Amino acid sequence: MINHILIFLAPGSAKIVIGMIGKSAISGAFGCTCIFTAELYPTLMRGMALGTCSLASWVGGILCPFILILAKTWAPLPLVLFSAASFIASALITFLPETKGTNLPETMAEAEQLSKRQQRKQTVDKDEIF
């Protein structure tokens, strides 16, 4: 969302302030991602899952500077790509199960039950609306 604002601002202090707010939001989201990832996976797989997610973030960090090369074709293209990625991530995170007040899963079966419980709860909530 912030990237959309940055496209139309002239270089200066306003653009720097908005960019720093975006950077802070990204850092906060990354911290939450690490905690939430640990809550979703069972104990036996938690270390491997965190390592895999960390690897994916490092690959993204490595590829990130190359996206700036796309500015040669259209100046706002890198900002549009980063904005699209953040919107897609925001939409996909709504499908993750709620972990508040639940025990961390110890086995894969418990992790699958956590997901199924969330799906049943969403179905019940939708039925109550209508």
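Residues numbered from 1 in each chain as written. Predicted model: local features only at pLDDT ≥ 70, side-chain atom pairs only at ≥ 80, totals over all residues. Heavy atoms only, no water.

Caption draft 1: Focus on the overall build of the protein chain. Counting its secondary structure elements, the protein chain contains five helices and zero strands. The proportion of buried residues among the 130 residues of the protein chain is 12%. Within the protein chain, contacts between residues separated by at least 24 positions form 49% of all contacts whose residues are at least 6 apart in sequence. When the accessible surface of the protein chain is summed, it comes to about 9800 Å², and 72% of that surface belongs to carbon and sulfur atoms. (Helix = DSSP H or I, 4+ residues; strand = E, 2+ residues; numbered from the N terminus. Buried < 20%, exposed > 50% of the residue type's maximum accessible area, 1.4 Å probe, protein only. Contact = heavy atoms within 4.5 Å. Areas by Shrake-Rupley, 256 points an atom, 1.4 Å probe, with all protein chains shown as cover.)

Caption draft 2: Fine view of a nonpolar patch on the surface. On the surface, L55, V59, I62, L63, F66 and I69 cluster together to form a nonpolar patch covering roughly 590 Å² of accessible area. Considering the arrangement of structural elements, one finds I62 in helix α3 (residues 43-67). (Patch = residues over 30% accessible without salt bridge, like charges linked within 9 Å, V, L, I, M, F, W, Y side chains within 5 Å. Salt bridge = Lys/Arg side-chain N within 4 Å of Asp/Glu carboxyl O.)

Caption draft 3: Representation of the UniProt feature "transmembrane region" (unreviewed entry) in the protein chain within the structure. As annotated in UniProt, the feature "transmembrane region" (unreviewed entry) corresponds to residues 24-41, 48-71 and 77-96 in the numbering used here. When the span residues 77-96 is considered, its composition is 85% helix and 0% strand, and the gap between its end C-alpha atoms is 29 Å. (UniProt positions renumbered as here; feature names shortened; annotations may be inferred.)

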